[in-house]
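A closer look at the structure
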Amino acid sequence: MRAIYSAALRLATPAYLLRLLWRSRSEPLYRSHLGERLGWGAAEGEPGRLWIHAVSLGEARAAEPLVAALRRRRPDLRLLLTHGTATGREAGAAMLRDGDHQAWLPYDTPASVRRFLRTQRPGLGVLMETEVWPNLLHEAARAGVPMVLANARLSARSLHKGKRLDALLRPAVQSLAAVLAQTEADAVRLREAGARAVTVAGNLKFDVAPDAALIARGRAWRQALGRPVVLMAVSREGEEAELLRLWAPHGPSLATPAAAGRDAPPLLLIVPRHPQRFDEVAALVQRSGLSLARRSTFADDPPPAAREAQVWLGDSLREMPLYYGLADVALLGGSFAPLGGQNLIEAAACGCPIVLGPHTFNFALAAELALEAGAAWRAGDLSAALNQAQAVLASPHERHDAAARALNFAQLHRGAADRMAEAILARVPRAITTPVPSLPIR
């Protein structure tokens, strides 16, 4: 199975590279260091560094408290950070110190992975969340590089899909030296998928501290606006069009009395999950007939024209705390389509009440805990979610209490970073002193 998989990837390599170049039209970072995608790249620093792979923005943000916890224990630690997306690489750059190195994760062909391991010579690898790559794990085992899956999660849906490729994925999962699962349910499913040394360590995303300055700026903007703000956070394809269709009848009913004695029209704020969709979502808003202001068009405070707009597009990166601070209530993107939902923990940590859709299997336990804590509400669809948003806006007291419950919920579940750092560093001394054999390239 792995041989067939490898052959298919070799044949698809030109298409893979063309796709990267296509994406680089809107995100130029995809054009940088293309050789690293095939394992080419200069060796930097000493061998034996701790290698952390955080594929995208969400995984890079989750890695931040883990890296901080590791460095508290080992200030001399040197890291190799790898990523798969431009947003992940940009976020990872903020974690680098002297002696660290950053690269793209190589395409999962045997030769590309061997080149990467021979050049970078990591001592221990940490893959974040769901990054199980068959050739990467096979070649790491051959090279004597122990691999840990940290902040690991596996939904029932993903387990079911994975069973179709069990002959390919099971050996990869079995080769992991350790698996640090988010929840007991994840641990059970990971063991069923073939993982051996599984420990429940919690969810790193509870340990991510949102930028207090961004939250404060968002709250200042909300006060200056003098109108309610409903946020569609990290939205996915299909959700924005449905939301805009529903907003016309729902929007006016969300108005609240303004200081001037008239109804303050609500502001709809949409923050898409993927930067390459910013222009697409802007076009959807314009076709809906609603007036639009884009966050990228103002550097500091919103200009008068933006304050009067019906919809704002959050087309900026690493500003989610600002948007949560600005919002009275947030609708969780990815949960109103069968996509499993996005990270609700960041919203809670910013003190923003959350309305979840029916699909939260990517964060099932976090969603259930948030509902039990009164930090979130569940809605069957977007129409019901807007009804819930109306109820929240109609009761400032309830909104204030829900925000307090959200903050408390986020604080109660911290500590995963320390537990994972201890588990990883217990393996590091041996990994650093283990020689990494030179592998042939075929």
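To be clear, the structure that these remarks concern was listed above.
Predicted, not measured: the structure shown is a model, and the values here were computed from it.

Attention now goes to the packing of aromatic side chains. For the structure shown, the criterion picks out seven aromatic pairs. Arranged with centres 4.1 Å apart and planes meeting at 10 degrees, the rings of Tyr16 and Tyr107 form a pair that is stacked. Placement of the pair is Tyr16 in helix α1 (residues 2-23) and Tyr107 in the loop between β3 (101-104) and α4 (110-120), with a sequence separation of 91 residues. The class of Tyr107 is buried, set by a relative accessible area of 12%. Aromatic rings pair up to connect Trp221, Phe298 and Trp312 into one cluster. The residue whose ring lies beneath Arg37 is Trp104, and the NZ or CZ to ring-centre distance is 3.7 Å.

Further remarks concern empty space enclosed by the protein. Scanning all chains against the criterion turns up one cavity of 30 Å³ or more. Approximately 40 Å³ is the volume attributed to the largest cavity. Around the largest cavity sit Glu36, Gly39, Trp40, Gly41, Ala103, Trp104, Phe116, Thr119 and Gln120, which together line it. Secondary structure elements with two or more residues in the lining of the largest cavity: β3 and α4.

For strand β2 (residues 79-83), a buried count of five out of five residues is recorded, marking the element as mostly surrounded by other parts of the structure. Alternating positions in β2 separate into two faces, Leu79, Leu81 and His83 on one and Leu80 and Thr82 on the other, with burial throughout. Relative to β2, strand β1 (residues 50-53) runs parallel, the two sharing four bridges. When the sheet's bridge partners are listed, Leu50 is paired in β2 with Leu79. The parallel pair β1 and β2 is bridged by helix α2 (residues 57-73), and the resulting crossover is right-handed. A crossover connection joins β2 to the parallel β3 through helix α3 (residues 86-93); in handedness this β-α-β unit is right-handed.

Leu231, Leu269, Trp312, Tyr324, Leu344 and Ile354 are the most contacted members of the largest nonpolar core, which totals 43 residues. Per-element tally for this core: the top contributor is helix α13 (residues 320-326), with five residues. When neighbours within four sequence positions are excluded, Leu231 is seen to be in contact with Leu269, Val271, Tyr323, Tyr324, Ala327, Val329, Ala330 and Leu331. Counting 31 residues, the second largest nonpolar core, distinct from the first, contains Ala63, Val67, Ala91 and Ile424.

Spanning 14 residues, helix α9 (residues 212-225) covers 20 Å between terminal C-alpha atoms, matching the ideal 20 Å at 1.5 Å per step. Of the residues making up α9, those classed as buried are Leu214, Ile215, Gly218, Trp221 and Leu225. Considered in projection along α9, the buried side chains sweep an arc of 125 degrees and stay on one side of the axis. Exposed positions of α9 whose direction lies more than 90 degrees from the buried face are Ala212, Ala213 and Gln223. Residues of α9 that are buried in the fold lie against β8 (229-235), β11 (267-272), α12 (304-308), β13 (311-313) and α13.

Looking now at the pattern of salt bridges. Within the structure shown, the criterion is met by 28 salt bridges. For Arg277, the salt bridge goes to Glu240, with nearest N and O atoms at 2.8 Å. Taken as a pair, Arg277 in the loop between β11 and α11 (278-287) and Glu240 in helix α10 (residues 239-250) lie far apart in primary sequence, 37 residues in all. Each member of the pair Arg277 and Glu240 is classed as buried. One salt-bridge network, in which partners are shared between bridges, spans Arg61, Glu64, Arg318 and Glu346.

Let us now look at the sheet that holds strand β15 (residues 354-356). Ordered in space as β12-β13-β11-β8-β14-β15-β16, the seven strands form an open sheet in which the pairing is parallel. Strand pairing shows two members of the sheet lacking a second neighbour, β12 (292-294) and β16 (376-378), which therefore form its edges. Recorded for the sheet is a direction-independent mean angle of 25 degrees between the axes of neighbouring strands. Where helix α15 (residues 364-372) meets the sheet, its contacts fall on β15 and β16, and the angle it forms with β16 comes to roughly 110 degrees. Sheet strands touched by helix α16 (residues 382-394): β8, β14 (329-332), β15 and β16. Its angle to β14, the strand with the most contacts, is close to 165 degrees.

Cut-off values and rules
- Residues numbered from 1 in each chain as written.
- Predicted model: local features only at pLDDT ≥ 70, side-chain atom pairs only at ≥ 80, totals over all residues.
- Heavy atoms only, no water.
- Phe/Tyr/Trp six-rings, centres within 6.5 Å; stacked < 30°, edge-to-face > 60°.
- Helix = DSSP H or I, 4+ residues; strand = E, 2+ residues; numbered from the N terminus.
- Buried < 20%, exposed > 50% of the residue type's maximum accessible area, 1.4 Å probe, protein only.
- Lys NZ or Arg CZ within 6 Å of the ring centre and 35° of its normal.
- 1 Å grid on protein atoms, 1.4 Å probe; cavity = no way out; pocket = protein on both sides within 12 Å on 5 of 7 lines; lining within 4 Å.
- Points joined across faces, edges and corners; volume = space filled by probe spheres on them.
- Pairing = 2+ DSSP bridges.
- Right-handed = clockwise from strand over helix to strand, strands pointing away.
- Core = buried A, V, L, I, M, F, W, Y, C linked by side-chain atoms within 4.5 Å.
- Contact = heavy atoms within 4.5 Å.
- Expected span 1.5 Å × (residues − 1).
- Arc of directions from axis to C-beta.
- Salt bridge = Lys/Arg side-chain N within 4 Å of Asp/Glu carboxyl O.
- Axes fitted to C-alpha atoms, helices over the stretch in contact; angles between N-to-C directions.

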